[in-house]
Amino acid sequence: MIHRTDAARQAPWQVEFAAAIRDPETLARVLGLPDTWLVAAQRAHKLFPVRVPPAYLARIRPGDPEDPLLRQVLPLDLEEVFQPQFSKDPVGDLAAQVAPGVLHKYEGRVLLTATGACAIHCRYCFRRHFPYAQAHAARDRWAAAIAHLAADRSIREVILSGGDPLTLNDDKLAGLMDALHGLPHIKRLRLHTRVPVVIPNRVDDGLLGLFDETPLGVVMVLHINHPREIDDAVVRACARLRSARVTLLNQAVLLAGVNDDADVLAGLSERTFEAGILPYYLHMLDRVEGAAHFAVDTARALGLWEALRIRLPGYLVPRLVREEAGAAAKVPVVAVGADPGCW
Ligand SMILES: *Cc1c(COP(=O)(O)O)cnc(C)c1O
Ligand code: SF4
């Protein structure tokens, strides 16, 4: 195999990927952040490194530490505050591994972490402590993952998740898709990804060709938390994905200081619809160590969600859910005492 280290031969998206800001000093300089922030940011950066790709950076308002896009990527001293209910593996991922990088928690669908890399590092990420180095189904270990999928005929859907599967190059994705295509019980491929939003030029001819050609049904669950994350380049990337028969859904995480506001959440649904994306889930924050400052309590979350139900058509209201270790599916968030059967 030829290793392409020559930048001239990299795809434009790979150049963007490599050009991400990876240290707090540069982020501070480019965005005009106060020096007082930097010392604590350097410590938080050691807990989980900064990564902000150029296309996302361009949507952040310079000089505004409260900018909701900046908040998602900004390391803060608050990450060092110990909170008893926040842990390193809040949703029981390590216990659900059935082969390296294979999480089989729910009936009929299996989640494959095919890479540990992401194009952006979100400070609230529930996998910020996940030991990807040992637990992703890297190419040389796909054999074990594929063997699990082949042996269990109840599996109809394979979900590629984070890391971010669209940080894999087309050759690797094609190899994986071919292997899945060889298993007749697998009908759908789902990708959970933030890449088309933060590096829209990843949606290039090569990628679209893969989706166009595969007999698998392809679903893409994007991860967008704020309407301002969707600019014209994202709208164009989504239109191209749809023309390759990809079904587009969005999941957001409810985040204090980012989108815990009925106008913002309603705006997110409206804006995703304009881009051809339907809302899927609004997730309660997973209680991961270092992210407690993003938490929104259940009562407020339900209040916001009720406001959405009143303001928006039903198909633009995401399901409000939380993930619970050991549960058979994502758990709907309901008011205490409410009958879940009526949800
Ligand atoms: C969230 C998740 C899924 C997908 O759940 P859906 O409700 O189908 O979106 C599948 N497997 C694992 C391990 C998950 O965490
Ligand atoms: S897995 Fe998703 S939420 Fe976590 S850092 Fe990567 S892109 Fe962000």
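Everything numeric in this text was worked out from a predicted model, so none of it was measured.

(A) Representation of the environment of R190 in the model. Checked against the element boundaries, R190 lands in strand β5 (residues 188-193). Judged by relative accessible area, R190 falls into the buried class, the value being 9%. Along the backbone, R190 and G217 are 27 residues apart, and their C-alpha atoms lie at a distance of 8.2 Å. If we skip the residues at most four places from it in the chain, R190 touches R109, E157, V158, I159, L160, V219, V221 and Y280. Of note is the side chain of R190, whose polar atom sits 2.5 Å from the side chain of E157.

(B) Local environment of the domain arrangement of the chain. Entries for the chain in the domain assignment read domain 1 (13-80) and domain 2 (88-342). A straight line from the C-alpha centre of domain 1 to that of domain 2 covers 23 Å. Counting residues at the interface gives 29 residues for domain 1, matched by 33 residues for domain 2. Interface of domain 1 and domain 2: buried area, both sides summed, is about 2,700 Å²; carbon and sulfur atoms make up 56% of it. When residues of domain 1 are sorted by the area they lose upon contact with domain 2, W13, F48 and Q72 head the list and together hold 32% of the total. Taken together, the links from domain 1 to domain 2 amount to 16 residue pairs in polar contact (both at pLDDT 80 or more). Breaking the side of domain 1 that touches domain 2 down by element, the ones donating at least two residues are α1 (12-18), α3 (35-47), α4 (54-57) and α5 (68-71). Counting residues per element, the side of domain 1 that touches domain 2 draws most heavily on α1, which supplies 4 residues. Here the residues of the side of domain 1 that touches domain 2 are counted per class, giving 18 nonpolar, 3 polar and 8 charged.

(C) Molecular detail of the sheet that holds strand β8 (residues 278-283). One open sheet accounts for 10 strands, arranged β1-β2-β3-β4-β5-β6-β7-β8-β9-β10; its pairing is mixed. Looking at strand neighbours, the two that pair on one side only are β1 (97-99) and β10 (331-332), the edges of this open sheet. In the sheet, strand β2 (residues 102-106) pairs with strand β3 (residues 109-113) via 3 bridges, with the strands oriented antiparallel. Looking across to β3, one finds that L103 is bridged to L111.

(D) Empty space enclosed by the protein, seen in detail. Scanning the entire structure with this criterion turns up 1 cavity of 30 Å³ or more. When its volume is computed, the largest cavity comes out at roughly 90 Å³. Around the largest cavity, the lining residues are N250, A252, L265, L268, S269, T272, P279, Y280, Y281, L282, L308 and P318. Residue assignment for the lining of the largest cavity shows that the elements contributing at least two residues are β7 (247-253), α12 (262-274) and β8. Of the residues contributing to the lining of the largest cavity, the split by class is 9 nonpolar, 3 polar and no charged.

(E) Representation of the pairing of β2 within the structure. Judged from the 2 bridges that link them, β1 and β2 form a sheet pairing that is antiparallel. Bridging across to β2, Q97 finds its partner in L103. Where β2 hands over to β3, the hairpin turn is made up of 2 residues, of which G108 adopts a positive phi near 80°.

(F) Structural detail: helix α11 (residues 232-243). Taking 1.5 Å per residue as the helical rise, α11 with its 12 residues ought to reach 16 Å, and the 17 Å between its terminal C-alpha atoms agrees with that figure. When α11 is considered as a whole, its buried residues turn out to be V234, A237, C238 and L241. Down the axis of α11, the buried side of the element spans an arc of 100°, and every buried residue falls inside it. Summarising the geometry of α11, the exposed residues directed more than 90 degrees from the buried face are D232, R236 and S243. On the buried face of α11, the contacting elements are α9 (195-198), α10 (205-213), β6 (217-223) and β7. If you check the start of α11, you find a side-chain oxygen 3.2 Å away from the backbone N of A233, and it comes from D231. Where α11 ends, the next residue or the one after it, R245, has phi of about 65°, a positive value.

(G) Geometry of the site of ligand 1. Residues in contact with ligand 1, as listed here, are L103, K105, Y106, R109, L111, I159, R190, Y280, Y281, E323 and K330. In this structure, an oxygen atom belonging to ligand 1 sits 2.8 Å away from a side-chain N or O atom of R190. For ligand 1, an oxygen atom lies 3.2 Å from a polar atom in the side chain of E323. Here ligand 1 has 390 Å² of accessible area as a free molecule, and 93% of this is covered by the chains. With 3 residues, β2 is the largest single contributor of residues to the shell around ligand 1.

(H) The site of ligand 2, seen in detail. Contacts to ligand 2 come from C118, I120, C122, C125, R194 and H223. Counting atoms within 2 Å of the grid points, the majority share of ligand 2 lands in the largest pocket. Class assignment of the residues belonging to the shell around ligand 2 gives a composition of 4 nonpolar, 1 polar and 1 charged.

(I) Focus on the pattern of salt bridges. One pass over the structure, following the stated rule, counts 21 salt bridges. Linking E229 and R194 is a salt bridge whose minimum nitrogen-to-oxygen distance equals 2.8 Å. Highlighted residues: E229 in the loop between β6 and α11 and R194 in the loop between β5 and α9, separated in sequence by 35 residues. Judged on exposure class, the residue E229 and its partner R194 are both buried. Across the pair E324 and R322 runs a salt bridge whose closest N-O atoms are separated by 4.0 Å. A single salt-bridge network, built from bridges that share partners, covers R61, D64, D67 and R228.

Rules of the game
Residues numbered from 1 in each chain as written. Chains lettered and ligands numbered in written order. Predicted model: local features only at pLDDT ≥ 70, side-chain atom pairs only at ≥ 80, totals over all residues. Heavy atoms only, no water. Helix = DSSP H or I, 4+ residues; strand = E, 2+ residues; numbered from the N terminus. Buried < 20%, exposed > 50% of the residue type's maximum accessible area, 1.4 Å probe, protein only. Contact = heavy atoms within 4.5 Å. Polar contact = N/O pair within 3.5 Å; in protein donor to acceptor, adjacent residues only side chain to side chain. Domains from an automatic or database assignment. Buried area = accessible area lost by both parts, 1.4 Å probe. Nonpolar A, V, L, I, M, F, W, Y, C, P; charged D, E, K, R; others polar. Pairing = 2+ DSSP bridges. 1 Å grid on protein atoms, 1.4 Å probe; cavity = no way out; pocket = protein on both sides within 12 Å on 5 of 7 lines; lining within 4 Å. Points joined across faces, edges and corners; volume = space filled by probe spheres on them. Expected span 1.5 Å × (residues − 1). Arc of directions from axis to C-beta. Near = heavy atom within 4 Å. Areas by Shrake-Rupley, 256 points an atom, 1.4 Å probe, with all protein chains shown as cover. Sits in = over half its atoms within 2 Å of the grid points. Salt bridge = Lys/Arg side-chain N within 4 Å of Asp/Glu carboxyl O.

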